[in-house]
Amino acid sequence: NYFYIKLNNINDFKTLQQIATQKNVQIIKQVPNMPLWYILSLKKSTIGNSLDLTNYFYETGLFADIDPAFMFNFKNKCTNDTNFGSLWGLNNTSNPNVDIDACQAWTLSQGSGVKVAILDQGIHTTHNDLAGNISTLSFNSQTGTSPSVYNGASHGTHVAGTIGAIKDNNLQVVGVAPLSKIMAVSHSLNSTPNISAELASGISWAYQNGADVINNSWGDQGGQYYNQLHSTILESAITSAMATGRNNKGTLIVFASGNWAVNNPIMDYPATFSNDIITVGAITSGGQRSIFNTSQGSGYGVKLDIVAPGSNILSTLPNN
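### Some points on the overall build of the chain
Here comes step 1: Within the chain, the secondary structure is distributed over 7 helices and 13 strands.
Here comes step 2: Expected size for 320 residues packed as a compact globule is a radius of gyration near 20 Å; at 29 Å, the chain overshoots this value by more than 25%.
Here comes step 3: If one aligns the C-alpha atoms of the chain with their principal axes, the spans along those axes are about 95 × 40 × 35 Å.
Here comes step 4: Among the 320 residues that make up the chain, the fraction classed as buried is 43%.
Here comes step 5: The contacts of the chain with a sequence gap of at least 6 include a subset with a gap of at least 24, amounting to 72%.
Here comes step 6: Approximately 16600 Å² of the chain is accessible, and the part contributed by carbon and sulfur atoms is 50%.
Here comes step 7: Of the side-chain charges in the chain, 15 are positive and 18 negative, and the distance between the mean point of each set is 14 Å.

Structure (structure tokens):
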């Protein structure tokens, strides 16, 4: 509603009053410490907008200066997290069609009320950009006890930040679902004698303790560990979670497609076990399938459901 007028001299105030009355504009006040400047405002019944009136006052030629009082807001309206500009997967300025449109999505939901269990190598739960979103519920799937353990590996913490790093805290990064709660379910992901039973226990604990989503960024590494992982007990836990989790609505089970297919279509187990598993492959900021080195490329095949940003992903790491 506002604009500013500068008088040629103090005697011009009467002229200002006359035109303001004529145009149904209110003189709010003189600007403190600037005696020739006045703040004006449109009334509800004023014809036109503040820019129209600014132009009108300017075109009279009766005043020393006119200022349309444009409003400036330098805050990033999407988020103020300091490294947001590097999160191409959320907002890809180079290739706008190759991202998840996070800023637009957050106007619909930021994950409030959603509990995401991360079955991984443990999470640095006191990380400054994660701690506020860490659930009090956690589980160590190798010992079968709570709480989870963090053994210093970075993978689980990196995944946790991509999912649920805190938004608008002027710090580091922001997750896809920054109002979600992260449930840490730990396992070394080394090939232990009872690894299938341990992972099955972790999945079962997660859905039985209210997880809406269970994230599994692991697999048999292109078949290298298929014999160790392939089991009825692991498949039973996954099937039960998808059938009876979330009060029988079904917990969403998400698996990585694996990073072992370069020139041939191959995907990890157990991502391929059931069509109801959401299986995710990785792409680059240019929209191509991620190739990490001569032996590692994002897995693909008929069981692949969706691809997501997966190359050069900046996220949280242990020790802040």
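After that view of the structure, there is still more to cover.
### Quick notes on helix H1 (residues 13-22)
Here comes step 1: Within the span of H1, buried status applies to Leu16, Ile19 and Ala20. Looking down the long axis of H1, one finds its buried residues gathered within 105 degrees of arc, a one-sided arrangement. Pointing more than 90 degrees away from the buried face of H1 are the exposed residues Lys14, Gln18, Thr21 and Gln22.
Here comes step 2: Residues of H1 that are buried make contact with strand S1 (2-6), strand S2 (25-30), strand S3 (37-42) and helix H2 (50-59).
Here comes step 3: Backbone geometry just downstream of H1 places Asn24 in the positive-phi region, at approximately 60 degrees.

### Here's the deal with the pattern of salt bridges
Here comes step 1: Per the stated rule, a full pass over the model turns up 2 salt bridges.
Here comes step 2: Between Lys167 and Asp168 there is a salt bridge; the shortest N-O distance is 2.9 Å.
Here comes step 3: Note on Lys167: relative accessible area 14%, which makes it buried.

### Brief notes about the state of the cysteines
Working definition of a disulfide: a covalent bond connecting the sulfur atoms of two cysteines.
Here comes step 1: Scanning the model with the defined rule gives 1 disulfide in all.
Here comes step 2: Note that Cys78 is cross-linked by a disulfide to Cys103, the S-S spacing being 1.9 Å. Note on the Cys78 and Cys103 pair: the S-S dihedral is about -100 degrees, so by sign convention the disulfide is left-handed. In this pair, Cys78 sits in the loop between strand S4 (65-67) and helix H3 (102-105) while Cys103 sits in helix H3, placing the two residues 25 residues apart along the sequence.
Here comes step 3: For Cys103, a relative accessible area of 23% puts it in the partly exposed group.

What counts, and at which threshold
- Residues numbered from 1 in each chain as written.
- Predicted model: local features only at pLDDT ≥ 70, side-chain atom pairs only at ≥ 80, totals over all residues.
- Heavy atoms only, no water.
- Helix = DSSP H or I, 4+ residues; strand = E, 2+ residues; numbered from the N terminus.
- Rg over C-alpha atoms; globule rule 2.2 N^0.38 Å.
- Buried < 20%, exposed > 50% of the residue type's maximum accessible area, 1.4 Å probe, protein only.
- Contact = heavy atoms within 4.5 Å.
- Areas by Shrake-Rupley, 256 points an atom, 1.4 Å probe, with all protein chains shown as cover.
- Lys, Arg positive; Asp, Glu negative; His and termini not counted.
- Charge placed at Lys NZ, Arg CZ, Asp CG, Glu CD.
- Arc of directions from axis to C-beta.
- Salt bridge = Lys/Arg side-chain N within 4 Å of Asp/Glu carboxyl O.
- Disulfide = S-S within 2.5 Å.

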